[in-house]
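# Analysis of the macromolecular model
Listed here are the chains, written in short residue letters.
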Amino acid sequence: MQHFLKETDLTVNQAAEVFSLAHALKQGRGKHTPPTLKGQTWAMIFSKSSTRTRVSFDVGIHELGGHPIFLNKNDIQLGRGESIYDTANVLSRFVHGLIIRTYDQSEIEEMSKLGSIPVINALTDYLHPCQIYTDAFSMAERWADGTNFMESLKGKKLAYFGDTANNMANSWILGAAMFGMELVLSGPEGYEPGEDIKATLAESGHAPTWSFTTDPEAAAKDADVLYTDTWVSMGQEEESAERIAAMKPYSVTSDLMKLGKSDALFMHDLPAYKGMEVQEDVLYGKQSIIFDEAENRLHTQKAIMSVLAEANKR
Ligand code: CP
Ligand code: NVA
């Protein structure tokens, strides 16, 4: 049974297939969508807030011919302490796939060990792989000629600013290595990537393509993409004041954008906090592709579910 708990759970060939299929699904939306989830019901268990992930999966499952069930953790017995093992065991008797947003990566790993239905990571404290695949597709649809999506990413420089120890930074460490991109993470001392993500990358067999600098200008120089995420992730609210003070020098401003390539893209997974990790003129500026990026969650996740469905038939 193949799952999607981290970027490197798919092969490079499958990732390339996800990009091509996402493109085809985007072009064909409303005209022809292969019903790869026909007759299937997928459950979405969410322990944290969500706008994009929740809605794009709900719509995506429906468009692939399946039926989505949204389960807020607090509405099911999981929220009252029923174990993950029992929950997964019971749900696996009803549904054909699970999409989970939670805190610990170990929770989704535990759910996947049941082995009878595929599990997709819809964000944990550790990783956000659906977002990284979507972001890579969003760049590639600009850089590729309609076919060579994976190849178009190779050698491109992605500069990531702010919280370089969160789920998005970790996910980019894995994604950049898989897609052959150069990743420069720029944040304050004390927020360098941890040993856990270095170990996960080493286990995957992909060579590291990332570096870390406390100098945001050096990171931005000649970048193809300037990327940022919130400084205070879900669950870190009590650390807000210290995080905002530490990360202030890493806000993406129009001056920082000027150091990147003249056609550099600005990207953000959203939700964005204007005046914090990004200034409003950059967020809504002509180099920003934030709303295409958000839309592409739908097409990319439909492609991920279809590629998994195909792999799990074998
Ligand atoms: N980017 C993202 O995952 O957004 P949501 O939290 O709204 O799902
Ligand atoms: N790092 C953010 C991403 C939100 C999509 C968080 O975990 O809250």
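Residues numbered from 1 in each chain as written. Chains lettered and ligands numbered in written order. Predicted model: local features only at pLDDT ≥ 70, side-chain atom pairs only at ≥ 80, totals over all residues. Heavy atoms only, no water.

## Brief notes about the UniProt feature "binding site: L-ornithine" (unreviewed entry) in the chain
- Look at the UniProt record and you will see "binding site: L-ornithine" (unreviewed entry) annotated at Asn167, Asp229, Ser233 and Met234. In summary, the annotated positions, though distributed over 68 residues, converge in three dimensions, the widest C-alpha pair being only 11.8 Å.
- Along the chain, the position of Asn167 falls in helix α7 (residues 167-179).
- Among the residues examined, Asn167 registers a relative accessible area of 6% and is labelled buried.
- Excluding anything up to four places from it in sequence, Asn167 contacts Leu123, Thr124, Asp125, Tyr126, Leu127, His128, Asp229 and Ser233. (UniProt positions renumbered as here; feature names shortened; annotations may be inferred. Helix = DSSP H or I, 4+ residues; strand = E, 2+ residues; numbered from the N terminus. Buried < 20%, exposed > 50% of the residue type's maximum accessible area, 1.4 Å probe, protein only. Contact = heavy atoms within 4.5 Å.)

## Thoughts on the site of ligand 1
- Around ligand 1, the surrounding shell consists of Ser50, Thr51, Arg52, Thr53, Arg101, His128, Gln131, Asp269, Leu270 and Arg297.
- Within the contact set of ligand 1, an oxygen atom lies 2.6 Å away from a side-chain nitrogen or oxygen of Ser50.
- Arg52 places a polar side-chain atom, nitrogen or oxygen, 2.9 Å from an oxygen atom of ligand 1.
- Of the residues assigned to the shell around ligand 1, the class counts are 1 nonpolar, 5 polar and 4 charged. (Near = heavy atom within 4 Å. Polar contact = N/O pair within 3.5 Å; in protein donor to acceptor, adjacent residues only side chain to side chain. Nonpolar A, V, L, I, M, F, W, Y, C, P; charged D, E, K, R; others polar.)

## Side note on the environment of Leu114
- The topology assignment puts Leu114 in the loop between α4 (105-113) and β4 (119-121).
- Note on Leu114: relative accessible area 25%, which makes it partly exposed.
- Spatially, the C-alpha atoms of Leu114 and Val59 are 26 Å apart, while their sequence positions differ by 55 residues.
- Beyond its immediate stretch of four places on either side in the chain, Leu114 contacts Tyr85, Ala88, Asn89 and Ser92.

## What to know about the packing of helix α1 (residues 12-28) against helix α13 (residues 290-313)
- Two elements in contact, α1 and α13, have axes separated by 8 Å at closest approach and are oriented at 125°. Regarding the angle of α1 to α13, the classification is oblique. The chirality of how α1 crosses α13 is right-handed. In contact with Gln14, Glu17, Val18, Leu21, Ala22, Leu25 and Lys26 of α1, α13 contributes Glu295, Asn296, His299, Thr300, Lys302, Ala303, Ile304, Ser306, Val307 and Ala311.
- Taken together, the residues of the contact of α1 with α13 sort by class into 8 nonpolar, 5 polar and 4 charged. (Axes fitted to C-alpha atoms, helices over the stretch in contact; angles between N-to-C directions. Parallel < 35°, antiparallel > 145°, perpendicular 65-115°, else oblique. Left-handed = near helix turned anticlockwise from the far one by under 90°.)

## Section: the pairing of strand β5 (residues 157-161)
- Counting buried positions along β5 yields 5 of 5 residues, so the element is predominantly enclosed.
- The pairing of β5 with strand β6 (residues 182-186) spans 5 bridges and is classified as parallel. Of the residues in β6, the one forming a bridge with Leu158 is Leu183.
- Taken together, β5, α7 and β6 constitute a β-α-β crossover, and its handedness is right-handed.
- Taken together, the 4 bridges between β5 and strand β8 (residues 225-228) define a ladder with parallel strand orientation. Following the sheet pairing, Tyr160 is matched in β8 by Tyr227. (Pairing = 2+ DSSP bridges. Right-handed = clockwise from strand over helix to strand, strands pointing away.)

## Re helix α8 (residues 195-204)
- All of the buried residues along α8 are Ile197, Thr200 and Leu201. The buried residues of α8 occupy an angular sector of 95° when the element is viewed end-on, so they sit on one face. Residues of α8 that are exposed and point over 90 degrees away from its buried face: Glu195, Ala202 and Glu203.
- In this fold, the buried residues of α8 make contact with α7 and β7 (210-213). (Arc of directions from axis to C-beta.)

## Things to note about the site of ligand 2
- Close to ligand 2 lie Leu123, Asn166, Asn167, Asp229, Thr230, Ser233, Met234, Asp269 and Leu270.
- Side-chain polar atom of Asn167 to a nitrogen atom of ligand 2: 2.8 Å apart, as the coordinates give it.
- Burial of ligand 2 by the protein amounts to 94% of the accessible area it has alone, namely 270 Å².
- Across the shell around ligand 2, the residue classes tally to 3 nonpolar, 4 polar and 2 charged. (Areas by Shrake-Rupley, 256 points an atom, 1.4 Å probe, with all protein chains shown as cover.)

## Side note on the pairing of β7
- In this sheet, β7 lies alongside β6 in parallel orientation, the contact comprising 4 bridges. Bridge pairing in β7 places Ser186 opposite Thr213.
- Handedness of the crossover joining β6 and β7 through α8 is recorded here as right-handed.

## Quick notes on the sheet that holds β8
- Strand order in the open sheet formed by 5 strands is β7-β6-β5-β8-β9, and the pairing between neighbours is parallel. Here the strands that pair on one side only, and so sit at the sheet edges, are β7 and β9 (265-268). Taking each pair of neighbouring strands and ignoring which way they run, the sheet shows an average axis angle of 20°.
- Across the sheet, α7 touches β5, β6, β7 and β8, and the angle it forms with β6 is around 160°.

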